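# Observations on chain architecture
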Amino acid sequence: MGKINVKVSVDRNNTNKTLELDNEASVMDLLKKININPVTVIVSRNNELILEDEKLNDKDEIKILSVISGG
Amino acid sequence: MNCCSEKPVIQLPAGEKLCKNHFTDYFESKVFKTIRQFELLDKEENLGVALSGGKDSLTVLHILNRLSQQNPKIKINAIAIDEGIHNYRDKTLEKAKEFCHENNIKLNIFSYKEEFGLTLDEMLKILDVKPCTVCGIFRRYLLNKKSRELKLTKLATGHNLDDECQSIMMNQMKNNIEGSARLGPKVGLLQHKDFVQRIKPLYLCTEKEVTTYAFVNGLLDEFNECPNVPQSFRAQVRDMLNDFENKFPGTKYSIVNSFLQTLPLLKKQFKNDAIKVCVKCSEPSANDVCNACIYLEKLKINIEAKENGFTQC
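Residues numbered from 1 in each chain as written. Chains lettered and ligands numbered in written order. Predicted model: local features only at pLDDT ≥ 70, side-chain atom pairs only at ≥ 80, totals over all residues. Heavy atoms only, no water.

Bringing the nonpolar core into the picture now. Residue and element names in this part refer to chain B. By size, the foremost hydrophobic cluster in this structure holds 60 residues, and its most contacted members are Phe-27, Leu-47, Leu-61, Leu-64, Ile-76 and Val-256. With seven residues, the single largest contributor to this core is helix H11 (residues 251–269). Not counting chain neighbours up to four residues away, the residues in contact with Leu-61 comprise Val-49, Leu-51, Ile-76, Ala-78, Phe-99, Cys-100 and Ile-105. Listed in part, the 31 residues of the second largest apolar core include Ala-50, Ile-79, Leu-120 and Ala-235. (Core = buried A, V, L, I, M, F, W, Y, C linked by side-chain atoms within 4.5 Å. Buried < 20%, exposed > 50% of the residue type's maximum accessible area, 1.4 Å probe, protein only. Helix = DSSP H or I, 4+ residues; strand = E, 2+ residues; numbered from the N terminus. Contact = heavy atoms within 4.5 Å.)

As structure tokens, this is what we get:
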């Protein structure tokens with residue numbers, strides 16, 4: 001199976017990294033890989049929200065935005 | 001199942017996937033239904049909206065401001081409390097000011113420093129207490145006092161379904177049933193002339209729904225978490241509930257819906273608990289001296305002790 005590389009930013013801990021995922025990996029696969037509960041985030045690509053079953057593409061830039069209230 | 005051919009922005013717990021426009025309609029309908037179902041607003045209101053600058057309070061202000069534009073008998077004022085939390089509240093207040101300026105909404109800001117003489121950060125250097133406990137006491141105290149002084153008829157807050165669910169579980173875990181009796185879309189047990197009724201229009205909206213609405217309507221700013229939150233009991237209950245929600249979708253709705261069925265009984269049980277007036281500040285209180293005055297006294301004693309070279313707790 002081929003691999004894809006995805007740039008991922010997580011707003012809650014202010015991190016940016018590139019992750020290697022299996023070809024055909026979904027948003028849910030990405031969240032599982034970085035141990036994030038999907039209930040606690042929304043996910044965007046090119047400033048558009050995408051759902052957990054959306055397939056990712058090579059070189060996608062993904063933002064993971066926390067839904068947790070700040071205080 | 002998708003609502004239409006447009007790209008979905010959210011999947012509801014029941015499985016339906018909604019696009020931006022259908023979700024916006026769904027969300028706003030849910031808020032207006034909540035307002036009608038729980039009779040949160042009268043036909044005429046001088047309504048306050050507690051504004052922190054975070055996504056929840058901006059969302060409730062955005063929707064209520066639109067309601068006000070359609071119905072001029074509902075007047076809107078925003079009220080913000082600056083607790084004095086360095087590198088947090090200063091940032092969210094900037095967003096609050098920007099939103100109110102752009103939408104021509106009057107924003108009233110009151111600070112701990114001006115009202116109590118100390119910021120929260122300064123208080124926490126003096127008192128050995130849980131930050132959220134003391135912060136919540138002073139914030140609710142100021143919101144009620146200033147709302148009354150501004151002659152607001154009600155005060156809307158951005159509390160959502162997740163917040164309510166956490167409060168219900170926290171009260172259960174601490175055997176604080178009277179605390180639960182004060183919860184609900186309309187806060188408190190009794191009406192009192194000095195108590196401005198607080199209401200929660202986002203009561204049935206999950207945190208994920210609120211964030212999605214804020215995102216698609218341009219209200220979501222960069223993530224900004226209060227530095228005191230991660231150490232709180234609430235944060236641990238929140239994480240536990242989110243784990244359950246992930247494994248068993250709909251858990252949070254079930255907890256709040258079952259709570260709503262017991263709420264009338266709880267309110268009835270505690271309805272005879274009279275609201276007193278604090279002997280020190282004359283604000284409404286459950287006891288002879290309100291919690292704000294108790295903590296102000298503790299601060300005073302600790303400051304005096306430090307000045308005299310003693311250590312208090």
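Text resumes after the structure shown.
With that out of the way, let us pick up the packing of helix H2 (residues 55–70) of chain B against helix H9 (residues 207–216) of chain B. All names here are of chain B. Between H2 and H9, whose axes approach to 9 Å, the crossing angle comes to 65 degrees. In this structure, H2 meets H9 at a crossing whose hand is left-handed. Along the contact surface, H2 presents Lys-55, Asp-56, Thr-59, His-62, Ile-63 and Arg-66, while H9 presents Glu-207, Val-210, Thr-211, Tyr-213 and Ala-214. Its residues assigned to classes, the contact of H2 with H9 shows four nonpolar, three polar and four charged. (Axes fitted to C-alpha atoms, helices over the stretch in contact; angles between N-to-C directions. Left-handed = near helix turned anticlockwise from the far one by under 90°. Nonpolar A, V, L, I, M, F, W, Y, C, P; charged D, E, K, R; others polar.)

All names here are of chain A. Ordered in space as S2-S1-S5-S3-S4, the five strands form an open sheet in which the pairing is mixed. Looking at which strands have only one partner, the edges of the open sheet turn out to be strand S2 (15–22) and strand S4 (48–50). Here the average twist between neighbouring strands, direction ignored, is 35 degrees. Two strands pair when backbone bridges link them, and strand S1 (residues 3–10) and S2 are joined in this way by eight bridges, in the antiparallel orientation. (Pairing = 2+ DSSP bridges.)

Our focus in this paragraph is the packing of helix H1 (residues 20–37) of chain B against H2 of chain B. Residue and element names in this part refer to chain B. One way to put it is that H1 packs onto H2 with a least axis distance of 11 Å and a crossing angle of 75 degrees. With respect to each other, H1 and H2 are oriented roughly perpendicular. Contacts between H1 and H2 involve Phe-27, Glu-28, Val-31, Phe-32 and Ile-35 from the first element and Thr-59, Ile-63, Leu-64, Arg-66 and Leu-67 from the second. Classifying every residue of the contact of H1 with H2 by side-chain character gives seven nonpolar, one polar and two charged. (Parallel < 35°, antiparallel > 145°, perpendicular 65-115°, else oblique.)

The next subject is the sheet that holds strand S7 (residues 197–199) of chain B. Residues and elements named next belong to chain B. With parallel pairing, the five strands of this open sheet are ordered in space as S5-S4-S3-S6-S7. Looking along the sheet, the strands with just one partner apiece sit at the ends: strand S5 (106–111) and S7. The average undirected angle you get between the axes of adjacent strands in this sheet is 30 degrees. Sheet topology note: the strand S3 (residues 45–50)/strand S4 (residues 74–82) ladder contains six bridges and is parallel. Bridge assignment links Leu-47 to a residue of S4, and that residue is Ile-76. Packed on one face of the sheet, H2 meets S3, S4 and strand S6 (154–156) and runs near 160 degrees to S4.

Here the focus is the layout of surface pockets. In this structure, the second largest pocket spans a volume of roughly 540 Å³. For the lining of the second largest pocket, the elements supplying multiple residues, two or more each, are helix H1 (27–33), strand S3 (41–45) and S4 of chain A together with strand S1 (8–11), H9 and helix H10 (233–247) of chain B. Looking at the lining of the second largest pocket residue by residue, the classes come out as 17 nonpolar, seven polar and seven charged. (1 Å grid on protein atoms, 1.4 Å probe; cavity = no way out; pocket = protein on both sides within 12 Å on 5 of 7 lines; lining within 4 Å. Points joined across faces, edges and corners; volume = space filled by probe spheres on them.)

On to the side chain of Lys-30 of chain B. Residue and element names in this part refer to chain B. Its location among the elements puts Lys-30 in helix H1. Of note is the side chain of Lys-30, whose polar atom sits 2.9 Å from the side chain of Glu-209. Here the side chain of Lys-30 touches Tyr-253 through a polar contact of 2.7 Å, side chain to side chain. The residues touching Lys-30, leaving out its near neighbours within four places in the chain, are Leu-204, Cys-205, Glu-209 and Tyr-253. (Polar contact = N/O pair within 3.5 Å; in protein donor to acceptor, adjacent residues only side chain to side chain.)

What follows covers the packing of aromatic side chains. Residue and element names in this part refer to chain B. Per the counting criterion, the structure on display carries nine aromatic pairs over all chains. Their ring planes at 70 degrees and their centres at 5.9 Å tell us that Tyr-112 and Phe-138 sit as a pair that is edge-to-face. Highlighted residues: Tyr-112 in helix H4 (residues 112–116) and Phe-138 in helix H6 (residues 131–149), separated in sequence by 26 residues. Between the aromatic rings of Phe-116 and Phe-138, the centroid separation amounts to 4.6 Å while the plane-to-plane angle is 40 degrees, which identifies the pairing as tilted. Note that Phe-116 is positioned in helix H4 and Phe-138 in helix H6, a separation of 22 residues in sequence. Overall, Phe-116 belongs to the buried group, its relative accessible area being 15%. (Phe/Tyr/Trp six-rings, centres within 6.5 Å; stacked < 30°, edge-to-face > 60°.)

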